[in-house]
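Residue strings, one per chain:
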Amino acid sequence: MSIETFLATLRRHRILAILRGVPPAYAEAMAQALYAGGIRLLEVSLSRPAALDGLRALAAARPPDMLVGAGTVVSGALAEQAKEAGAMFFVTPHVVSEVAAYAGASGIPVLCGAMTPTEIAAAREQGCGVVKLFPATALGADYLRSLRGPYPDLELLAVGGIGADNLAEYLAAGALGAGIGGALTSVDWKQPDWGRVTRLAADLTRIVAEFS
């Protein structure tokens with residue numbers, strides 16, 4: 001998959017579902033539930049030791065037009081492991097030069113996390129076409145709107161505390177889209193309610209449609 005294809009998919013669908021701790025046995029059901037609600041991009045956070053197994057399972061179970069990437073990629077070694085597990089893109093919590101370099105050499109898209117203008121500039125200089133603004137709700141929609149003044153061409157994905165109750169606020173402030181975790185993908189693994197996941201996803205995609 002080319003970087004251009006990834007960016008086109010992100011710009012079209014605008015929601016990146018962030019998954020943490022998905023048991024491999026439920027990977028296919030989770031992917032299908034999110035897909036049914038209109039989600040086409042998944043990020044599997046690698047903040048837990050067993051997360052690579054979940055990434056591997058989701059990468060194998062994804063529908064053909066769903067993109068699955070690795071999040072919380074904080075080293076070049078982890079980026080290499082994620083690629084081997086099937087990651088189609090990387091997401092970092094902050095600017096990680098060795099991850100950006102590995103992604104560039106491998107032709108893999110990367111979303112670098114950044115907060116300040118200096119960090120955002122560094123992310124763009126290292127090949128990050130869309131920057132992950134994190135933590136978005138701690139900064140507020142007005143902060144995002146202010147950044148768009150001096151950087152009118154800046155594409156930001158708002159991440160951290162975004163859900164159906166505030167997504168529209170960030171889109172109206174100029175966010176390209178949002179990465180959404182707990183508000184969308186928290187599941188009781190003892191009794192998963194896949195219908196609820198699909199409904200939550202559909203609510204988010206309806207909000208996005210209003211800004212398309």
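Higher on the page you've got the structure.
Being a predicted model, the structure only gives us computed values, none of them experimental. (Residues numbered from 1 in each chain as written. Predicted model: local features only at pLDDT ≥ 70, side-chain atom pairs only at ≥ 80, totals over all residues. Heavy atoms only, no water.)

## Some points on the packing of aromatic side chains
Defined as follows: Put simply, two rings from Phe, Tyr or Trp (the six-membered ring, in Trp's case) pair if the centres are within 6.5 Å, and we call them stacked under 30 degrees between planes, edge-to-face over 60, tilted for the rest. Under the DSSP-based scheme used, a helix requires at least four consecutive residues in state H or I and a strand at least two consecutive residues in state E, with every element numbered from the N terminus. Partly exposed describes any residue whose relative accessible area lies between the buried limit of under 20% and the exposed limit of over 50%, with all areas from a 1.4 Å probe on protein chains only and scaled to the type maximum. Whether a charge lies above a ring is judged from NZ of Lys or CZ of Arg, which has to be within 6 Å of the ring centre and within 35 degrees of the ring normal.
Under the criterion given, the structure shown has 5 aromatic pairs. Aromatic pair Y26 and W189: ring centres 5.5 Å apart, planes at 20°, arrangement stacked. Of this pair, Y26 sits in the loop between β1 (15-19) and α2 (27-36) while W189 sits in the loop between α10 (182-185) and α11 (194-209), and the two are 163 residues apart along the sequence. For W189, a relative accessible area of 24% corresponds to the partly exposed category. Between the aromatic rings of W189 and W194, the centroid separation amounts to 6.2 Å while the plane-to-plane angle is 55°, which identifies the pairing as tilted. We classify W194 as partly exposed; its relative accessible area is 22%. Cluster of aromatic residues (ring-pair linked, three or more members): Y26, W189 and W194. The aromatic ring of Y35 is capped on one face by R40, whose charged end is 3.6 Å from the ring centroid. Over the face of the ring belonging to F134 we find K132, whose NZ or CZ atom lies 5.0 Å from the ring centre.

## Here's the deal with the nonpolar core
Applicable threshold: Joining through side-chain atoms within 4.5 Å is the link that ties buried Ala, Val, Leu, Ile, Met, Phe, Trp, Tyr and Cys residues into a set, and such a set is a nonpolar core. Note on definitions: a residue-residue contact is assigned when non-hydrogen atoms from the two residues lie within 4.5 Å.
Grouped together as the largest cluster of nonpolar side chains are 63 residues, with contacts concentrated most on L34, L42, L46, L55, F90 and L167. Not counting chain neighbours up to four residues away, the residues in contact with L42 comprise L16, A17, L19, A31, L34, L58, M66, L67, V68, G69 and F89. Counting residues in each nonpolar core, the second largest holds 15 residues, with L7, L10, L16 and L176 among its members.

## Here we look at the side chain of S45
Note the threshold: Distance and chemistry together define a polar contact, namely a pair of N or O atoms within 3.5 Å, with one atom able to donate a hydrogen and the other to accept it when in protein, and with adjacent residues in sequence counting only for side-chain atoms on both sides.
By the element assignment, S45 lies in strand β2 (residues 41-45). Residue S45 is classed as buried on the basis of its relative accessible area of 2%. Among the polar contacts made by the side chain of S45, one reaches the side chain of S47 at a distance of 3.0 Å. For S45, the side chain forms a polar contact with the side chain of T72, separated by 2.9 Å. If near-sequence neighbours (up to four positions away) are discounted, S45 is found in contact with L19, R20, A51, G71 and T72.

## Quick notes on the packing of α2 against helix α3 (residues 51-61)
Counted only if it meets this: To get an axis, a line is fitted to the C-alpha atoms, and for a helix only the part in contact is used. The angle between two axes follows their N-to-C directions and goes from 0 to 180 degrees. Any angle between 65 and 115 degrees counts as roughly perpendicular, while under 35 counts as roughly parallel, over 145 as roughly antiparallel, and the rest as oblique. By convention, the crossing between two helices is left-handed when the near helix turns anticlockwise from the far helix through less than a right angle, and right-handed when the turn is clockwise. Three classes are used, and their members are as follows: Ala, Val, Leu, Ile, Met, Phe, Trp, Tyr, Cys and Pro are nonpolar, Asp, Glu, Lys and Arg are charged, and the others, Gly among them, are polar.
α3 packs onto α2 with a crossing angle of 55° between their chain directions and a minimal axis gap of 8 Å. Of the possible angle classes, the one that applies to α2 and α3 is oblique. Judged by the twist between their axes, the crossing of α2 over α3 is right-handed. On the side of α2, the interface is formed by A27, E28, A31 and Q32, while α3 contributes A57, L58 and A61. Taken together, the residues of the contact of α2 with α3 break down into 5 nonpolar, 1 polar and 1 charged.

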